[in-house]
Amino acid sequence: MNTPLSPDDHLRCAEYALGVLDSDSRRALEREVLRDPALRACLDNWLAHLAPLAEDLADVEPPARVWTRIQRDLGFLPSRATAASRGGWWNSLNVWRWLGVGASAAALVLLAVNIVTLREARQPSAEVAQNGYMVATLARSDGVAHWTATVDVKRGRMVVVPAVQPHVAANRSTELWLIPPGARPIGLGVVPINTAASMPLPPQVLAQMSTRAVLAVSVEPPGGSPTGQPTGPVIATGAMHLA
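Residues numbered from 1 in each chain as written. Predicted model: local features only at pLDDT ≥ 70, side-chain atom pairs only at ≥ 80, totals over all residues. Heavy atoms only, no water.

Q: Just give me the short version of the overall build of the chain, but keep the residues and values in it.
A: Within the chain, the secondary structure is distributed over 8 helices and 9 strands. Expressed as a percentage of the 243 residues in the chain, the buried residues total 36%. Sequence-distant contacts in the chain: of pairs separated by 6 or more residues, those separated by 24 or more amount to 63%. Roughly 13,400 Å² of accessible area belongs to the chain as shown, and the carbon and sulfur atoms make up 56% of that amount. (Helix = DSSP H or I, 4+ residues; strand = E, 2+ residues; numbered from the N terminus. Buried < 20%, exposed > 50% of the residue type's maximum accessible area, 1.4 Å probe, protein only. Contact = heavy atoms within 4.5 Å. Areas by Shrake-Rupley, 256 points an atom, 1.4 Å probe, with all protein chains shown as cover.)

Q: Before we move on, can you summarise the side chain of Thr 174 with the specific residues and values?
A: Looking at where Thr 174 falls in the secondary structure, it is placed in strand β4 (residues 173-179). Separated by 2.5 Å, the side chain of Thr 174 and the backbone oxygen of Val 191 make a polar contact. With sequence-adjacent residues up to four places away left out, Thr 174 is seen in contact with Trp 147, Val 168, Gly 189, Val 190, Val 191, Pro 192, Ile 193, Val 217, Ser 218 and Ile 235. (Polar contact = N/O pair within 3.5 Å; in protein donor to acceptor, adjacent residues only side chain to side chain.)

Q: Residues and numbers for helix α1 (residues 7-18), please.
A: For α1, with 12 residues, the first-to-last C-alpha span of 16 Å sits near the 16 Å given by 1.5 Å per residue. Those residues of α1 not exposed but buried are Asp 9, His 10, Cys 13, Ala 14, Tyr 16 and Leu 18. (Expected span 1.5 Å × (residues − 1).)

Q: Now, about the confidence of the model for the chain: what can you tell me, with residues and values included?
A: Averaged over every residue, the pLDDT of the chain is 76; residues scoring 70 or more account for 67%. Per-residue pLDDT, averaged within each element of the chain, yields its smallest value for helix α6 (residues 93-113) (51) and its largest for β4 (95). (pLDDT = per-residue confidence, 0-100.)

Q: Go over the environment of Gly 132 with me, naming the residues and quoting the values.
A: Of note, Gly 132 is situated in the loop between α7 (126-131) and β1 (133-139). A relative accessible area of 2% places Gly 132 in the buried class. C-alpha separation for the pair Gly 132 and Ala 243, spaced 111 residues apart in sequence, amounts to 8.2 Å. Setting aside residues up to four positions removed in sequence, Gly 132 forms contacts with Val 151, Asp 152, Val 153 and Lys 154.

Q: Quick rundown of the pairing of strand β3 (residues 157-162)? Include the residues and the values.
A: Here β3 lies mainly inside the structure; 5 of its 6 residues are buried. For strand β2 (residues 145-152) and β3, the ladder comprises 6 bridges, and the chain directions are antiparallel. Residue pairing across strands places Val 151 opposite Met 158, the latter belonging to β3. Counted along the chain from β2 to the antiparallel partner β3, the turn is 4 residues long, and its residue Gly 156 has a positive phi close to 70°. (Pairing = 2+ DSSP bridges.)

Q: If you had to explain the packing of α1 against helix α2 (residues 23-35) to someone new, which residues and values would you point to?
A: Taken N-terminus to C-terminus, the directions of α1 and α2 make an angle of 120°; their axes are 11 Å apart at the nearest point. In terms of crossing hand, the pair formed by α1 and α2 is left-handed. Contacts from Arg 12, Cys 13 and Tyr 16 of α1 reach α2 at Arg 26, Leu 29, Glu 30 and Glu 32. In the contact of α1 with α2, the residues fall into 3 nonpolar, no polar and 4 charged. (Axes fitted to C-alpha atoms, helices over the stretch in contact; angles between N-to-C directions. Left-handed = near helix turned anticlockwise from the far one by under 90°. Nonpolar A, V, L, I, M, F, W, Y, C, P; charged D, E, K, R; others polar.)

Structure below.
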């Protein structure tokens, strides 16, 4: 019998799909999914929904100095000591020191390109824009998680993945709401209870995203609330925080 997945399991799977887990954590997760079908399904869901984020990544040509530094470090070019003995600005230790700093910065840029998309942010709050991702675990009052939500700020999209399926009548819908501090709920759309969903976030919604905002799910008539505000019971809530 499989143990229900925890919010940490969903977060690990999301981080694996984004490529931000360290090598030890990745290998540990890969071993676990071999013996846990539920964890395997969770990881497959995250991979299926986050893989399209890479489609917008533009090719980046590394500067020539990066390859020069790599060749030098691998021993295919003369060592700095040998080069310095030949004189000239090309062999200057200070020049190569600055080039080394530039190469390190370029490597960090290339790593960031593989983690987040290169689209411009759509006017989110400053703290969110700097981070790039936000997450929330939507749970009922006793702490049982029903959904996890991940917001890709750069792309303007949210991925919502069910955890434990709630009991909802067949003739009812579950609608997701963003509740900014001191403001009325903003409808984000109907979310399924048994499959992952991906939804776009307009600029005016992204502008309300912050670590003080809350996500909530209410039970509504088929197709969602007819009033633009929650009309049924709220079955899950979760605070947003930086990923």
